[in-house]
Amino acid sequence: MADRLAVVTGAGSGIGRAIALGFAAQGDRVIAADLDEQAARDTADRRPKLIFPLPVDIADRAQVDALRDRVHADAGAPDILVNAAGWDRTAPFLDATTEFAEKVVAINYLGPVHMCSAFLPGMVEAGAGRVINLASDAGRVGSAGETIYAGAKGGVIALTKSLAREMARHHVTVNCVCPGPTDTPLFAAQPEKLKEALVKAIPFRRLAKPEEVAAPVLFFASPAASFITGQVISVSGGLTMAG
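Quantities reported herein were computed from a predicted structural model and do not represent experimental measurements.

Peer 1: Looking at this model, I keep getting lost on the sheet that holds strand 4 (residues 80-83). Mind explaining?
Peer 2: With parallel pairing, the seven strands of this open sheet are ordered in space as 3-2-1-4-5-6-7. Each of the sheet's edge strands pairs with one partner strand only, and the pair in question is strand 3 (51-55) and strand 7 (232-235). Averaged over all pairs of adjacent strands, the angle between their axes in this sheet comes to 20°, without regard to strand direction. Sheet topology places strand 4 next to strand 5 (residues 129-134); four bridges connect them, and they run parallel.

Laid out in C-alpha cells, this is it:
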C-alpha cells in the first residue's frame, strides 16, 4: 500500500486534515488541496516529506483542472481521490437566499463532480483507482436548518452510487462516508443551542473525532475493500442508525 498517491480536498482542517494525516501515517503521498492554502500548508508541516499543499477552489472548474494538471505533471495520476471539502451555514430554508443556495450546491455537490470529472480519466487509463466521497448523514435522513446542504449531500450519495456502476468496468471503486456531528471548525461555528441538542441526541453523548471519520475512508482505500463499491457508511455514533 505504501507510496500510493492520494488527492484529498478540504485537507486544511477537520476531517480532511485527519484523512491526509492518516494516509501519510501509512506511507502514502498526499496532495493536500484546500481553498485556504495556509491551512493546507499547516497540514503538510505535520508530515512534510509526504504531504504537499496545493490551493484550489473546487467550485471553480478551471481551478480544478489546473490542480489536476499540476498533480499529473509533478506526481502523476493519483491512485486515490477523497472529496472531503464542504461548507454550510445553519438557517431556516425560507430564509435562504439564491446566492447562499448556489454556494452550498457549488461547493458540496458540484465540487465533487468537478474533481471526479478531472481525475477519473487518469484512473480509467491506469485501470485502477479509489474514490471516496464525504457526504453527510443530513443527506441520508435530512436535517432541519440544513435543507439545501442536505439536498446537495444527498446528491453526493447518488453521484457515488451512479459513478460506482460506471467505473466498475475500469476497476475503480467509488464509495461514500457520511459523518454525523463531528468536532470540526464547521461544527464549532454552529449555534450553541443546536450543538448542545445534537450532542444530547447522539447515543454516545459526544461528537465524533475527525480521526474516527477518517478510519472508514482509509478502509475504502485499502486492499481490504477491493470488492466494495457504491456503498454508503454512516459515522454518527448511532444518531441515524435507523435511517
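Peer 1: Would you mind going over the environment of Thr-97 with me for this structure?
Peer 2: By secondary structure assignment, the location of Thr-97 is in the loop between strand 4 and helix 4 (98-126). Placed 92 residues apart in sequence, Thr-97 and Leu-5 show a C-alpha to C-alpha distance of 39 Å. Only 3.0 Å separates the side chain of Thr-97 from the backbone nitrogen of Phe-100, close enough to count as a polar contact.

Peer 1: How should I be thinking about unusual backbone geometry in this particular structure?
Peer 2: Across the chain, the bulk of peptide bonds are trans and the bulk of non-glycine residues have phi less than zero. Even without being glycine, His-171 reaches a positive phi, approximately 60°. Relative to the helices and strands, His-171 is located in the loop between helix 6 (147-167) and strand 6 (172-179). On the basis of relative accessibility, which here comes to 58%, the residue His-171 falls in the exposed class. The phi torsion at Arg-205 lies on the positive side, around 60°, for a residue other than glycine. Relative to the helices and strands, Arg-205 is located in the loop between helix 8 (192-201) and helix 9 (210-220).

About the criteria used
Residues numbered from 1 in each chain as written. Predicted model: local features only at pLDDT ≥ 70, side-chain atom pairs only at ≥ 80, totals over all residues. Heavy atoms only, no water. Pairing = 2+ DSSP bridges. Helix = DSSP H or I, 4+ residues; strand = E, 2+ residues; numbered from the N terminus. Axes fitted to C-alpha atoms, helices over the stretch in contact; angles between N-to-C directions. Polar contact = N/O pair within 3.5 Å; in protein donor to acceptor, adjacent residues only side chain to side chain. Buried < 20%, exposed > 50% of the residue type's maximum accessible area, 1.4 Å probe, protein only.

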